[in-house]
Amino acid sequence: MAPALRRITAIVPLHLEVLAGWNGLDRPVRWVAVSELEDPTPFLEGGELVLTTGMRLSAGDAEPYVSRLVARGVAGLGFGVGLSHDAVPPAFAEAAEAAGLPLVEVPRDTPFIAIGKAVSDLLAGEQYEEISRAFAAQGRLTRAALQREGPVAVVDRLAREIGGWALLLDPAGALWHAAGTTGRRVAGLHAGTDDKHAGTDDKRGVAGDWARETARSLEPEIARLRSAPSLSSLALSTPDEHVVVQPLGRRGFFAVGSPRPFSPIAYTIVNAAGSLLTLALEQGREQRSAAAQVRSAVLRLLLAGEVRAAAETLAALGMRLPEEPVTVLACDTPDPEALTEALTGAVPGAVPGALTGAEPGPRGALAGVGTFTAPWEGLLVVLAPDAGADELVALAAQHGRVGVSAPGVEIARSEGRVDGRVEGREPPAAGAAGSVTRSASRPHLDTGLDRGYEHDLDRAVDQARRALVSASPVARFSELAGRGLLSLLDPAAAASFAAAILAPLREYGSRADLVESLRAYLASNGHWDAAAQRLGVHRHTLRYRMKRVSELLGRDLDDPAVRAELWIAVCL
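A brief look at the structure comes next.

The rules behind these values
Residues numbered from 1 in each chain as written. Predicted model: local features only at pLDDT ≥ 70, side-chain atom pairs only at ≥ 80, totals over all residues. Heavy atoms only, no water. Helix = DSSP H or I, 4+ residues; strand = E, 2+ residues; numbered from the N terminus. Buried < 20%, exposed > 50% of the residue type's maximum accessible area, 1.4 Å probe, protein only. Contact = heavy atoms within 4.5 Å. Expected span 1.5 Å × (residues − 1). Core = buried A, V, L, I, M, F, W, Y, C linked by side-chain atoms within 4.5 Å. Phe/Tyr/Trp six-rings, centres within 6.5 Å; stacked < 30°, edge-to-face > 60°. Pairing = 2+ DSSP bridges. Axes fitted to C-alpha atoms, helices over the stretch in contact; angles between N-to-C directions.

## Some words on the environment of Pro-259
Here is step 1 of the chain: Turning to its location among the elements, Pro-259 is positioned in the loop between β10 (253-258) and α8 (264-283).
Here is step 2 of the chain: Residue class for Pro-259 comes out partly exposed when judged on its relative accessible area of 46%.
Here is step 3 of the chain: Considering only alpha carbons, one finds Pro-259 and Val-243, 16 residues apart in sequence, at a separation of 8.9 Å.
Here is step 4 of the chain: In contact with Pro-259, other than residues within four places in its own chain, are Gly-163, Asp-240 and His-242.

Right, dumping it as structure tokens:
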């Protein structure tokens with residue numbers, strides 16, 4: 001920060017005397033400018049202490065001269081006496097006082113260069129102090145980054161360093177962690193409440209509401225940064241607040257706000273925090289990869305019916321299975337790590353107390369409780385408690401395509417179901433009243449309609465994967481026509497059937513995708529215009545393709561039975 005004019009006039013060796021404008025002595029002086037021009041303002045930027053001997057000035061020039069300086073925003077006027085004028089003309093003192101411009105008399109024995117050197121030394125000292133404070137702040141931020149909380153500790157420290165607030169956001173712009181928001185309010189909340197009588201929990205709740213509301217208000221700016229071809233930051237200003245938003249690689253964003261404009265040193269501190277946050281998020285990549293492999297192994301145990309072994313493995317790592325019943329999500333996303341962090345509510349980069357990260361942030365209050373994620377055959381499989389499944393589906397849809405199983409899956413009932421028994425229980429005797437179980441109600445025939453699902457979870461994963469085929473971006477198994485029947489087919493037999501019936505289309509040498517064209521035609525119930533619009537082709541083009549499909553398959557596409565078979569084939 002530049003030194004105040006009051007501090008300069010207090011330097012005893014300069015022997016400066018203030019003649020007018022005492023109320024403006026707290027203005028910062030950014031430089032000293034010496035000029036004998038009648039109008040020096042074209043060569044000024046504002047904030048200067050202008051020094052002159054008044055060589056070309058007379059008493060009649062006082063008012064216009066002072067007015068021009070005030071309009072330019074100078075910090076003050078130093079009038080040298082003993083050369084052109086034995087004393088400062090009273091007209092200049094009167095004009096300066098009227099305009100509120102500090103006027104300083106510079107004695108003959110004080111050279112202007114001495115004032116310039118004094119200001120330069122003060123500026124250098126201020127800059128050194130600011131740089132020293134910046135280095136000290138960077139050290140404190142670095143120590144915070146080394147703490148167990150990692151990014152959370154950095155955000156907390158940053159809010160204190162800038163004297164404002166800081167938000168850590170996920171790649172979609174939703175809130176992960178907030179700091180420095182205590183005492184802030186969302187408009188309309190707790191109207192008429194006396195803060196002196198508000199409890200700690202109330203204040204935290206209000207601060208959390210304010211943080212989430214602020215995060216939502218930044219979503220359009222986050223979307224702009226996310227769609228930018230290269231990483232960039234932005235600054236926003238209002239009369240009451242100044243905000244900076246920066247990306248953290250591709251792992252998320254952080255925003256900081258202050259009631260004061262950010263100085264160059266403040267920007268340095270913010271940039272240092274951004275570098276530390278980005279590094280912290282990227283450092284945990286190998287750890288997150290290892291955790292994902294463990295979760296994948298746990299999912300294999302669950303699908304094999306080894307529920308107890310899976311639960312014990314998770315318990316040893318500080319995790320647990322989700323509360324039953326659950327819904328299974330099959331997610332096709334370009335960034336499984338980001339989706340995992342979003343669904344579990346974990347702040348990435350923090351040293352995990354469990355596999356998925358630290359304590360859940362504000363959005364994790366729902367998502368982080370008992371939600372299990374695991375990579376599986378190129379997809380991310382999610383086991384979500386039914387109570388929060390809809391919210392998690394909406395959240396996952398922000399990261400890609402989502403297939404959703406039927407709800408009500410009971411993981412615990414999967415234990416020991418391979419042989420048709422729940423571990424520790426004998427199956428009820430045949431014919432006993434009320435003793436018909438779900439497993440007994442399905443035929444286990446190699447060529448029958450049952451796939452031979454070992455347990456509910458196995459079936460639910462398959463349902464979610466089937467639904468994913470039609471997801472745009474979300475598809476639910478229970479809402480797709482015919483999927484209840486398809487779930488009864490043996491996958492291997494059904495896949496062989498589909499491959500055989502569609503083989504002529506896949507082997508056809510045309511560049512046109514006849515299988516997708518057939519799918520669109522059948523999904524549109526044979527309506528040419530709707531199917532052609534779905535494919536983005538002319539209806540005559542689609543008619544030609546369907547004629548070719550009919551010829552290659554040797555089947556009549558107007559036959560309902562043929563359509564039913566082909567629909568099953570394209571859905572598998």
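## Re the side chain of Ser-405
Here is step 1 of the chain: Position of Ser-405 among the secondary structure elements: in the loop between β14 (401-404) and α14 (456-468).
Here is step 2 of the chain: Residue classification places Ser-405 among the buried positions, given a relative accessible area of 3%.
Here is step 3 of the chain: Beyond its immediate sequence surroundings of up to four residues, Ser-405 is in contact with Thr-327, Val-328, Ala-460, Gln-463, Ala-464 and Phe-477.

## Remarks on α14
Here is step 1 of the chain: The terminal C-alpha atoms of α14 lie 18 Å apart, and with 13 residues this matches the ideal 18 Å at 1.5 Å per residue to within 8%.
Here is step 2 of the chain: Counting buried positions over the 13 residues of α14 gives 12, a clear majority of the element.

## So, the nonpolar core
Here is step 1 of the chain: With 29 residues, the main nonpolar core has Leu-302, Val-328, Leu-383 and Leu-457 as its most contacted residues.
Here is step 2 of the chain: Of all elements in the fold, only α9 (285-303), α10 (307-316), β11 (326-332), β12 (372-376), β13 (379-385) and α14 reach the threshold of two or more residues within this core.
Here is step 3 of the chain: Looking at which element gives the most residues to this core, the answer is α14, with 6 residues.
Here is step 4 of the chain: Residues Ala-137, Leu-158, Trp-176 and Ala-266 belong to the second largest nonpolar core, which totals 28 residues.

## Focus: the packing of aromatic side chains
Here is step 1 of the chain: Inspection of every chain in the model, using the stated rule, returns 5 aromatic pairs.
Here is step 2 of the chain: Each ring, one from Tyr-521 and one from Trp-528, has its centre 5.0 Å from the other, and the planes form 40°; the classification is tilted.
Here is step 3 of the chain: On the accessibility criterion, Tyr-521 (3% relative accessible area) is buried.
Here is step 4 of the chain: Three or more aromatic residues joined by ring pairs form one cluster here, namely Tyr-65, Phe-79 and Phe-92.

## With respect to the environment of Leu-44
Here is step 1 of the chain: Note on placement: Leu-44 falls in the loop between β2 (31-34) and β3 (48-52).
Here is step 2 of the chain: For the pair Leu-44 and Gly-73, spaced 29 residues apart in the sequence, the C-alpha separation amounts to 9.0 Å.
Here is step 3 of the chain: Once residues within four sequence positions are removed from consideration, Leu-44 is found in contact with Ala-33, Val-50, Leu-69, Arg-72 and Val-74.

## Details of unusual backbone geometry
Here is step 1 of the chain: Note the cis peptide between Glu-324 and Pro-325, where omega equals -5°.
Here is step 2 of the chain: If you trace the backbone, Pro-325 turns up in the loop between α10 and β11.
Here is step 3 of the chain: Cis rather than trans, the peptide bond between Ser-472 and Pro-473 has omega equal to -5°.
Here is step 4 of the chain: Tracing the backbone shows Pro-473 in the loop between α14 and β15 (474-476).
Here is step 5 of the chain: Although it is not a glycine, Glu-377 sits at a positive phi angle of roughly 50°.
Here is step 6 of the chain: Position of Glu-377 among the secondary structure elements: in the loop between β12 and β13.
Here is step 7 of the chain: Since its relative accessible area comes to 54%, Glu-377 is described here as exposed.
Here is step 8 of the chain: Positive phi outside glycine occurs at Asn-525, with the angle close to 60°.
Here is step 9 of the chain: Position of Asn-525 relative to the elements: it lies in the loop between α17 (514-523) and α18 (528-535).

## Section: the sheet that holds β11
Here is step 1 of the chain: With respect to topology, 5 strands assemble into an open sheet ordered β12-β13-β11-β14-β15, the strand pairing being mixed. Two strands lie at the open edges of the sheet, namely β12 and β15, each paired on one side alone. Across the sheet, the axes of successive neighbouring strands diverge by a mean angle of 20°, strand direction being ignored.
Here is step 2 of the chain: Here β11 runs beside β14; their pairing, made up of 4 bridges, is antiparallel. By the bridge assignment for β14, Cys-331 is matched with Val-402.
Here is step 3 of the chain: Docked against the sheet, helix α13 (residues 389-397) engages β11, β13, β14 and β15, running at close to 5° with respect to β11.

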